[in-house]
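Structure at a glance
Here is how the chains run, residue by residue.
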Amino acid sequence: MGKLGKKARKFAKKNLQSVLRNKRKLNSKFKRKASKTRDSQDAEENQETDVINPSNERDTVELEDTPLDSVFREDDSEVLGDDSDSDGFLSEDSSCVHVIGTDGENEIDIENSNAGSSLSVQNRDIHAEFLKKAKRLKKLKEKNPGFSKFLNAKIEHTNDEEISSDDDEGRLDGVQQMNEDSAHPRLVKILTSASVDSLCKLVREQHSVPALTCLINAYRAACHNDSEGAHNSETFSKILMFLLHEADTTFRKLLGISSTSFKKEIVLEQKNSKKWLSLRPLIKSYFRSTVFLLNQITDSEILAFSICRLRASIIFLAAFPSLLHRLLKISVHLWATGDGSLSSQSFLIIRDIASVFSSSCFDSCFVKTYKAFTSHSQFVERRLFEHIQFLRNSFVELCSLDVQKSSNKAMVCILHLAKILQKGWQTKKKELVKKICSWQYINCIDLWVTFISANIQDYDLQPLLYMIVQIINGVALLFPGPRYLPLRLKCIQWLNHLSGSSGIFIPVTSLVLDVLEYKITKDGGKPGKVLEPLSTIKLPKHWLKSRDFQEECVSSAIELLSEHFAQWSYHISFPELATAPLIHLKKLYEITSIESYKRAIKRFIDQAETNVDFVRKKRDDVPFSPKDHQSVETFLQAEKRSSSTPFSQYYKSIMSKAASRKTISNGKSSGKKGKKKVQHKSNGIVEVTSTQT
């Protein structure tokens, strides 16, 4: 058969069935590959929000290895928009020469000041170009590690050749100098103590800009520890204290801004004015030097004072987004790691940044502080309890600035906790169970319980309340063993707190009765170590046979059940609420042989029954029906305000005894010869042990 002609071959390519079939196969292959790629991208994007996916084993592995703060992705890259300006020294006015002095002992010529001013524009362009190339080079290094090794070897070889041939050009320290100070080369002067006093007087009394420029240059040199501009400790202290005290007042007077004004719009309105353009380099140099100083010094008092003074000038940072980013980053670190006033002052500046600036700043503050809280709450020691509580309370205060936005982010965090708990229930994998029974997970629950309790009266947080209650119940039921009784007591405490703040009934009696029914029916056990169940997650086995452990369990359970009853002792349905728990307590009273336990249980039963009779008599005398919801809500409100019911008086006495018992317990634990130690395990579970000396 002869070859087909050109037209026939063209027709066959377009219309032959076998050709069309092959095309369909190829197209389906390409579509399948594209769909796989698209599915993988969608899976990565939905990883943060998908909560229910029980069939995916890969999610379980990721949950085991992923920290709790990974629910938010944070871009730590800094804004480079205002970094093109000089980070070096400012050009000084010759009018201050008579104040500083002209003798050679007080001057070091780096480069002629006039030449520096004439070359400033050219050097600024070179500096901006250098930053662009450095950023591009960094991306290449991250993308190709082999290229990074080649580049380092090439630079070393080039530097060796250039240094040997010419000591004045191409040196490595020249690149570093260009990166910091070459935009404004100038005459650096070492100020004496008398010169500083004179300059400070000019700034304070006359608001002299040339004198302020000299001081800011000296302040920059001292903060950066420049060898050319090194000052002695007395001079450095004078410059530091004067500028931190007076810089904000001076800037405001020169710009005509009131000392009581803290709105960023005032600064933004002046961004194009002549006053602002002339003072902008001074303000920026002051802020950059102070932020740099915060990263260098370790003295907590100086840090707290510097943070406090920067807070007074926070509105000026509206013109410098990059500096604002750096200050926020440093403040979050000092807030999480500092002690006392340093941590408090750092939080105040975080709160001001979140409230003064845009909503994106609030988002950044929320994410950074949440990450810092979760990372610093993985391990808990006795001395760290108060600090972690401070971090929790201050974070809740930050969230209260914008509850609507915070509740949306809180839902993401709580859903992430729910996903971990759900996977733990389904798989019972050891790693996931350990992650749930860890201080980090428990402190996250405690954080959101505190946030919901603080704001639920003023905002609609019912979805968050429902989710967190389900998580708490799931945690309590996931660990039924006696070694986890302190964790169950903590769960009951959370539920009582949520119920009291929201006014919504949350049942806890079954959890309390489980604690009371554990091995308190037989007399036995030896006096053991001092126990603090609400500050412990998992107990060592030898504590389970301790008499102190049993007494603490009974006392804590009675206190928590009393708190639950006290919240509803004025409600019209209290008799029905108390019926089932009283039946169980009476059975427990009959089978218990320990006299101290019998007395505590009997007293609780008597007080609860007295309150039941009181509410029932009041209820029998009311004229309204149960369908009259408004009247039901106002039932016994006068008695509630005066706390006149029998059970209220009993609850007060119980809480008073609990406080005195904890005080005695703390005194015993601090005065014991034995040394209590908190062991930190790699899995995050904390066990408390004691060693005798």
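As shown above, the structure is provided for reference.
Let me begin by describing the structure that accompanies this report. The structure displayed is predicted, hence computed values, not measured ones. (Residues numbered from 1 in each chain as written. Predicted model: local features only at pLDDT ≥ 70, side-chain atom pairs only at ≥ 80, totals over all residues. Heavy atoms only, no water.)

**A short note on the overall build of the chain**
Condition: Helix and strand definitions here come from DSSP, where helices need a minimum of 4 consecutive H or I residues and strands a minimum of 2 consecutive E residues; each element is numbered from the N-terminal end. Summary of the burial criterion: residues with accessible area below 20% of their type's maximum are buried, those above 50% are exposed, and those between are partly exposed, where the area comes from a 1.4 Å probe applied to protein chains only. Contact between two residues is taken to exist if any of their heavy atoms lie within 4.5 Å; hydrogens are not considered. Accessible areas in this description were obtained via Shrake-Rupley with a 1.4 Å probe; residue shielding takes into account the shown protein chains only.
Looking only at helices and strands, one finds 30 helices and four strands in the chain. Considering the chain as a whole, with its 693 residues, one finds that 44% of them fall into the buried category. Considering only residue pairs separated by 6 or more positions, the chain has 75% of its internal contacts joining residues 24 or more positions apart. Accessible surface computed for the chain: about 37,000 Å², of which carbon and sulfur atoms make up 52%.

**Overview of the nonpolar core**
Formally: By nonpolar core is meant a set of buried Ala, Val, Leu, Ile, Met, Phe, Trp, Tyr and Cys residues that side-chain atoms within 4.5 Å join together.
Counting residues in each nonpolar core, the largest one holds 166 residues, and the members touching the most others are W448 and I468. Discounting residues that sit within four places of it in the chain, I468 has contacts with I414, I445, W448, V449, I452 and L498.

**Observations regarding the packing of helix α26 (residues 574-591) against helix α27 (residues 595-620)**
To be explicit about the condition: Here an angle of 0 to 180 degrees is reported between the N-to-C directions of two axes, which are lines fitted to C-alpha atoms, with helices fitted over the stretch in contact. Working rule for angles: under 35 degrees goes down as roughly parallel, over 145 as roughly antiparallel, 65 to 115 as roughly perpendicular, anything else as oblique. Handedness of a crossing is defined here by the sense of rotation of the near helix relative to the far one, left-handed for an anticlockwise turn of less than a right angle and right-handed for a clockwise turn.
Remark: α26 packs on α27, axes separated minimally by 10 Å, with the N-to-C direction vectors making an angle of 155 degrees. Put simply, α26 runs roughly antiparallel to α27. Judged by the sense of rotation from one axis to the other, the crossing of α26 with α27 is left-handed. For the pair α26 and α27, contact is made by F574, P575, E576, A578, L582, L585, K586, L588 and Y589 and by K598, I601, K602, F604, I605, A608, E609, N611, V612, V615, R616 and R619, respectively.

**Things to note about the packing of aromatic side chains**
Selection rule: Whether two aromatic rings pair depends on their centres lying within 6.5 Å, for rings of Phe, Tyr and Trp, where Trp uses its six-membered ring; planes under 30 degrees apart make the pair stacked, over 60 edge-to-face, and the rest tilted. Either the NZ atom of lysine or the CZ atom of arginine qualifies as a charge over a ring when it sits within 6 Å of the ring centre and within 35 degrees of the ring normal.
A complete count under the given rule lists 21 aromatic pairs for this structure. Here a set of aromatic residues connected by ring pairs shows up, and it is made of Y219, F251, Y286, F287 and F316. Just above the ring of Y589 sits the side chain of K598; from NZ or CZ to the centre is 4.1 Å.

**Comments concerning helix α14 (residues 300-312)**
We apply this condition: How far a helix is expected to stretch is found by multiplying one less than its residue total by 1.5 Å. Nitrogen and oxygen atoms within 3.5 Å of one another constitute a polar contact, given that in protein one can donate a hydrogen and the other can accept it, and given that sequence-neighbouring residues count only through two side-chain atoms.
Its 13 residues give α14 an end-to-end C-alpha distance of 19 Å, which sits within 8% of 18 Å, the value for a rise of 1.5 Å per residue. Taken together, the buried positions of α14 are L303, A304, S306, I307, R309, L310 and A312. In this structure, the buried side of α14 is in contact with α11 (233-255), α13 (274-294), α15 (321-337) and α16 (341-356). The N-cap of α14, judged by a side-chain oxygen 3.1 Å from the amide nitrogen of E301 a few residues on, is D299.

**Let's talk about the pattern of salt bridges**
The criterion, for reference: Any Lys or Arg side-chain nitrogen located within 4 Å of an Asp or Glu carboxyl oxygen qualifies as a salt bridge.
Going through the model one piece at a time under the given rule, you end up with 10 salt bridges. Here D363 ties to K409 by a salt bridge, and the two come within 3.9 Å at their closest N and O atoms. Taken together, the residues D363 in helix α17 (residues 359-375) and K409 in helix α19 (residues 403-427) connect sequence positions 46 residues apart. Taking the relative accessible area as the measure of exposure, D363 reaches 25% and is therefore partly exposed. A salt bridge links E609 to K586; the shortest N-O distance between them is 2.7 Å. Residue E609 is located in helix α27, and its partner K586 is located in helix α26; the two are separated by 23 residues in the primary sequence. In the salt-bridge network here, residues are joined through shared partners; they are D363, K405 and K409.

**A look at the environment of I349**
Here I349 is to be found in helix α16. Owing to a relative accessible area of 0%, I349 belongs among the buried residues under this scheme. Sequence separation between I349 and R309 is 40 residues, and the spatial gap between their C-alpha atoms is 9.9 Å. Setting aside residues up to four positions removed in sequence, I349 forms contacts with I307, L310, R311, I314, L327 and S331.

**Remarks on the environment of S208**
Position of S208 among the secondary structure elements: in the loop between α9 (193-206) and α10 (209-223). Judged by relative accessible area, S208 falls into the buried class, the value being 16%. The spatial distance from the C-alpha of S208 to the C-alpha of T250 is 9.3 Å, given a sequence separation of 42 residues. Leave out the neighbours within four places in its chain, and S208 touches L202 and V203.

**Quick notes on the environment of N611**
Here N611 is to be found in helix α27. Residue N611 is classed as buried on the basis of its relative accessible area of 0%. N611 sits 35 residues away from P646 along the chain, and the two C-alpha atoms are 5.9 Å apart. Once you skip the residues sitting within four places of it in the chain, N611 turns out to touch S569, F574, T645, P646 and F647.

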